[in-house]
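Now for the letters of each chain:
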Amino acid sequence: YANALDMILTGKSLRADKAKKMGLVDLVVDPAALEQVAISQAQGLISGTVKPTKRKRDWMSFLMEATPLRSVMFSKAKETVDKNSGGHYPAPYAIIDVLKNNFGKSKAVHLEDEAAKFAKLAATPESEALIGLFHGTTAVKKHNFGKPTQPIKKVAVLGAGLMGAGIAQVSVDNGKYAVLLKDKDLAGVSRGEKVIVDELSAKLKKKRITNYEFCDTTSRLTPLHDGIASWQKHFATADIVIEAVFEELGVKHVVLKDMEAVLSEHAIFASNTSAIPIGKIAEGAKRPERVIGMHYFSPVPKMPLLEIILHSGTAPEVAAAAMEVGTRQGKTPIFVKDVPGFYVNRCLSPFMVEVVALAMQGVDLTVIDKAMKSFGMPVGPITLSDEVGIDISCHVGTFMAKADLGVRMNGGDPRLMSSMVEKGWLGKKTGKGFYLYPKDAKKGAAKQLNPEMLTMLKQVRLEGGHGDKPANVSVEDIQMRIITRFINEAAYCLQDGIIRAPADGDIGAVFGIGFPPFLGGPFRMLDIKGTQRIVDTMYRFRDTITDKNGHPALQFEPAQILKDYAASGKKFHGA
């Protein structure tokens, strides 16, 4: 029962040898002999020469199933579900109820109870949200760009840092491409290569791949650097180059110019920029029609989203090729219009501004983190900033504040993060950010806020006229103030044609930043919770949260599309 509970609640798959050891399967055979053995076993069962194997219960199973300790087993299962799901998903609890309440009863009773509970679960908002995401992953891949005119066989990645190594890894491992990984020097490319080989070695150790697959994959990876005279000859054979260099427009222009001098005319130049418009990068390019944006999310091997960004001159077959590459890499790509921040970072920027606004108001940072975790986010926004890097968060925030969002970026104060960058408190990577990350920290130990940062926060609050008193804001208001900023910007993106459809917005939010899957994304959440209810909440924030001059918080003014849908009762995902 303990093994069954674990498998049913987590959906884990098992290796064949472990399944046999557990008694889940009777025989493990070579694939080449599968049909022959299966027929032989079936004939044996008919003739009686093969007997069904009865599961032998060991002493631990006996204690957990045939004694009062059984209740402990189910209690521990519920505790695990509480911890992993936050209580947001009803299905695991229904599974536990079926197994617990029908223990020792007939299979027919089990199945009848299971069917009744399944029917109820199928009609829940969570079911609607998750089914919507399932269908959305297929819908977002449909396009009218045709097919690539040139097959993509070799992928080159420029920059072997965290992002570059990750892009190279999914290209060589999932995509099965021949991959060139280049950095400026041997030390840089060696670090990137080591990351990839270490990840593959871990898969080999866990028997997720064979030794042959390990050798085959690593053989398709070619590390290069400026000191290797032949690197240009290698790059001349690449079908697509994905750059993951420093996030500055001038640097991107230099890299593009250098690459166009080396690449073949059919080769595609893809930028992994997180916010810079692709049209700006393509300015001055010899072949601007071969330039496209492919924005990956960190860590690349784990984050499933890929934003594909076309500028006004990108050729349709280039877009089709980017979709093909992303899909083979194991990503779920969405097409996004070429605007500052694209889709996810464009929505995330007002979201993070509101986090800072709450901090300036005097809300405890750990309370903000816990509130958004309980809302269903994978990590709190303060922790997210530390993990992404304060320098990167600050850079994107500064860039977006100067972009085209206007009052929708109101409410925050950039001085805290910029001062932290000056001090070198860049988050987890430097051991100090909003939280402290000591090298000798015990696994599972609670994070501690950086006391120096708290002193700086107090000073910034005083200088900004926010005072130094703590604020008493309810958990629900913390959650809704932050999430409505994201939802409102997502609505603007749909209204302005930055995304093609609500499904793209939902997939982008869930797969890009971990928007709670049980809510289905911002547009599904609007359908489930009611657009009118969300709009009314935003009006309340607009009218009750004022700046030091008494002006209303116009950053909460709903997008026109939200007002229209609220007035008509229309849903974003149909009836």
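The structure we're discussing is the one just above.
Read on for an overview of the structure.

**What to know about the overall build of the chain**
- Across its full length, the chain holds 26 helices and eight strands.
- For 575 residues, the compact-globule estimate of 2.2 N^0.38 gives 25 Å, and the chain sits close to it at 27 Å.
- When its C-alpha atoms are laid out on the principal axes, the chain stretches across 85 × 65 × 55 Å.
- Counting only residues that meet the buried cut, the chain has 46% of its 575 residues in that class.
- Long-range contacts, defined as pairs at least 24 residues apart, comprise 70% of the intrachain contacts of the chain with a sequence gap of at least 6.
- If you sum the accessible surface of the chain, you get close to 29,100 Å²; carbon and sulfur atoms cover 57% of it.
- A distance of 6 Å separates the average location of the 75 positive side-chain charges in the chain from that of its 62 negative side-chain charges.

**Brief notes about helix H15 (residues 316-328)**
- With 13 residues, H15 should reach 18 Å at 1.5 Å per residue; the first-to-last C-alpha distance of 19 Å fits that figure.
- Contacts made by the buried residues of H15 are with strand S5 (268-271), strand S6 (291-296), strand S7 (305-310) and strand S8 (332-337).
- Downstream of H15 by a residue or two, Gly330 has a phi angle that is positive, lying close to 90°.

**Considerations on the packing of helix H16 (residues 344-361) against helix H18 (residues 381-388)**
- Their axes nearest at 10 Å, the elements H16 and H18 cross at an angle of 115°. Pair H16 / H18 crosses with left-handed handedness. Across the interface between the two elements, Phe351, Met352 and Val355 from H16 touch Pro381, Ile382 and Ser385 from H18.
- Among the residues making up the contact of H16 with H18, the classes are represented as five nonpolar, one polar and no charged.

**Concerning the side chain of Arg290**
- Looking at where Arg290 falls in the secondary structure, it is placed in the loop between helix H14 (278-282) and S6.
- Setting aside residues no more than four positions away along its own chain, Arg290 makes contact with Glu265, His266, Ala267, Ile268, Phe269, Glu317 and Val318.

Rules and cut-offs
- Residues numbered from 1 in each chain as written.
- Predicted model: local features only at pLDDT ≥ 70, side-chain atom pairs only at ≥ 80, totals over all residues.
- Heavy atoms only, no water.
- Helix = DSSP H or I, 4+ residues; strand = E, 2+ residues; numbered from the N terminus.
- Rg over C-alpha atoms; globule rule 2.2 N^0.38 Å.
- Buried < 20%, exposed > 50% of the residue type's maximum accessible area, 1.4 Å probe, protein only.
- Contact = heavy atoms within 4.5 Å.
- Areas by Shrake-Rupley, 256 points an atom, 1.4 Å probe, with all protein chains shown as cover.
- Lys, Arg positive; Asp, Glu negative; His and termini not counted.
- Charge placed at Lys NZ, Arg CZ, Asp CG, Glu CD.
- Expected span 1.5 Å × (residues − 1).
- Axes fitted to C-alpha atoms, helices over the stretch in contact; angles between N-to-C directions.
- Left-handed = near helix turned anticlockwise from the far one by under 90°.
- Nonpolar A, V, L, I, M, F, W, Y, C, P; charged D, E, K, R; others polar.

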